[in-house]
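Inside the fold
If you want the building blocks of each chain, they are given just below.
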Amino acid sequence: MSASTTLYDHAPLLRSLSLCLAVLLFSACASTGKPKAAAAALPDARGEGAAVRFPDPKRATLKEGLFVDLDNLRLFARGMSKRQLYTLLGTPHFGEGMWGVRDWNYLFNFRSSPGGDYFTCQFQVHFDGKGIAQAGYWKPQACAALLQPPAPPPAPAPAPMPETPVRLSADALFAFDSAVLTDAGRRSVDALLEQVRNASQVQTIQVLGYTDRIGSDSYNQLLSQRRAQAVRDALVQGGVAVAAIVAEGRGKADALVQCTQGDRQAVIACLAPNRRVEISGLARSR
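So, here's what we can say about the structure. No experiment lies behind these values; they were computed from the predicted model shown.

Here's the deal with the overall build of the protein chain
Across its full length, the protein chain holds 7 helices and 8 strands. A burial count over the protein chain gives 31% of its 286 residues as buried. Counting only contacts in the protein chain whose residues sit at least 6 apart along the sequence, the fraction spanning at least 24 positions is 63%.

Some thoughts on the environment of Q148
On the secondary structure map, Q148 appears in the loop between β4 (133-139) and β5 (166-169). Residues Q148 and L70, spaced 78 residues apart in sequence, show a C-alpha to C-alpha distance of 9.7 Å.

Observations regarding helix α6 (residues 217-237)
Given a rise of 1.5 Å per residue, 21 residues ought to cover 30 Å, and the 30 Å separating the end C-alpha atoms of α6 matches this to within 8%. Regarding α6, the residues found buried are N220, L223, S224, R227, A228, A230, V231, R232, A234 and L235. One or two positions beyond α6, positive phi appears at G239, with a value near 110 degrees.

Some words on the state of the cysteines
All chains considered together, the criterion is met by 2 disulfides. Linked covalently through their sulfurs, C259 and C270 form a disulfide whose S-S length is 1.9 Å. On the sign convention where negative means left-handed, the S-S torsion of about -80 degrees between C259 and C270 marks this disulfide as left-handed. Of this pair, C259 sits in the loop between β7 (245-249) and α7 (264-270) while C270 sits in helix α7, placing them 11 residues apart in sequence. Look at C259 and you get buried, because its relative accessible area is 5%. Residue C270 is classed as partly exposed on the basis of its relative accessible area, which comes to 25%. Each bonded cysteine of the protein chain gets a number by its place in the sequence, and the pairs then read 1-2, 3-4.

As for the packing of aromatic side chains
Summed over the entire model, instances satisfying the criterion amount to 8 aromatic pairs. Seen in terms of ring centroids, W104 and F127 are 5.1 Å apart; in terms of plane orientation they differ by 70 degrees. Their pairing is edge-to-face. Pair noted here: W104 is in strand β2 (residues 103-111) and F127 is in strand β3 (residues 118-127), with a separation of 23 residues, a long-range link. Ring geometry for F110 against W138: centres 6.3 Å apart, planes inclined by 55 degrees, an arrangement best described as tilted.

Details of helix α3 (residues 82-89)
When α3 is considered as a whole, its buried residues turn out to be K82, L85, L88 and L89. Viewed end-on, α3 has its buried residues packed into an arc of 125 degrees, placing them on one side of the element. In α3, the exposed positions that point more than 90 degrees away from the buried face belong to R83 and T87. Buried residues along α3 sit against α2 (70-73), β2 and β3. G90 lies just past α3 and shows a positive phi near 90 degrees.

Considering the pattern of salt bridges
All told, the structure shown has 9 salt bridges when counted by the stated rule. Between D71 and R74 there is a salt bridge, with the nearest N and O atoms lying 3.1 Å from each other. Judged by relative accessible area, which is 27%, R74 ranks as partly exposed. Counted as one network, the salt bridges with shared partners bring together R167, R276 and E278.

Observations concerning the layout of surface pockets
Take a probe with the size of a water molecule and roll it over the atoms, and the empty space left behind shows itself. Size it by volume and the largest pocket reaches roughly 330 Å³. Around the largest pocket sit 17 residues that line it, and F176, D177, D212, L223 and R275 are the ones nearest its centre. Listed by contribution, the elements that provide at least two residues to the lining of the largest pocket are α4 (170-173), α6 and α7. Looking at which element gives the most residues to the lining of the largest pocket, the answer is α6, with 4 residues. In the lining of the largest pocket, the residues fall into 8 nonpolar, 3 polar and 6 charged.

Quick word on unusual backbone geometry
With an omega dihedral of -5 degrees, the bond running from K139 to P140 counts as a cis peptide bond. Looking at the secondary structure, you find P140 in the loop between β4 and β5. In this structure, D177 is a non-glycine residue whose phi angle is positive, near 60 degrees. Along the polypeptide, D177 turns up in the loop between α4 and α5 (183-197). Non-glycine residue D254 carries a positive phi angle of around 55 degrees. As for its position among the elements, D254 is in the loop between β7 and α7.

Cut-offs applied
Residues numbered from 1 in each chain as written. Predicted model: local features only at pLDDT ≥ 70, side-chain atom pairs only at ≥ 80, totals over all residues. Heavy atoms only, no water. Helix = DSSP H or I, 4+ residues; strand = E, 2+ residues; numbered from the N terminus. Buried < 20%, exposed > 50% of the residue type's maximum accessible area, 1.4 Å probe, protein only. Contact = heavy atoms within 4.5 Å. Expected span 1.5 Å × (residues − 1). Disulfide = S-S within 2.5 Å. Phe/Tyr/Trp six-rings, centres within 6.5 Å; stacked < 30°, edge-to-face > 60°. Arc of directions from axis to C-beta. Salt bridge = Lys/Arg side-chain N within 4 Å of Asp/Glu carboxyl O. 1 Å grid on protein atoms, 1.4 Å probe; cavity = no way out; pocket = protein on both sides within 12 Å on 5 of 7 lines; lining within 4 Å. Points joined across faces, edges and corners; volume = space filled by probe spheres on them. Nonpolar A, V, L, I, M, F, W, Y, C, P; charged D, E, K, R; others polar.

Pasting the structure below:
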């Protein structure tokens, strides 16, 4: 084979290579030197107003649903990871897997009353590309109300003021011939204070002090007044409004018992019910 024949056989190949090289050079020259802008990344969360699509419950791997702890469900919040959600709510009920998916779907059962019938709600958690929860959705939407904290128990109804006066023995409140409350007497007033303070809105509290018939009228009047005032002061210190309490001494008036025994000590003991402090009042409902 001659040299001219060899060159002739390779000429088409050389022409093809030259043409390819020219095309590449032309493309490089036509380029502006700036790289093309990358496609805008899709947002991690659904756009505002985007429809939420729930899967058909018949496709659930747990078609009967699952009773969920409401306290756990209330802990769900945006920013939780899939691992945290998995620990909190368990495996999704539609076989979506744990990694690389944006939505987890659950079927949760709730009872309308303890031991009664139950209803089922669908719950969907939407994640961003990093597996961080962005939002939770309910079907029907009314199920979202289940996450509201339970209402606090109603406050106990205020105890009404007693219809009959509360009688406190003066002998249990004060030492002999004294208007200073003893420790035991103060505890007695404190027990009554709780009843007065928790009663319906107080309009007027009347504190009346009484003595027995032994001694002069003037002395007994003063002692009964001082003792009524001591109880009044204790109630005020306990939080009862000053303007709501009226203290008055009645001396030996309105005796509850009459004693005729001749022995002085026996008479004093017999007259004990007359030595008293009575608390009564008018109240209006709060």
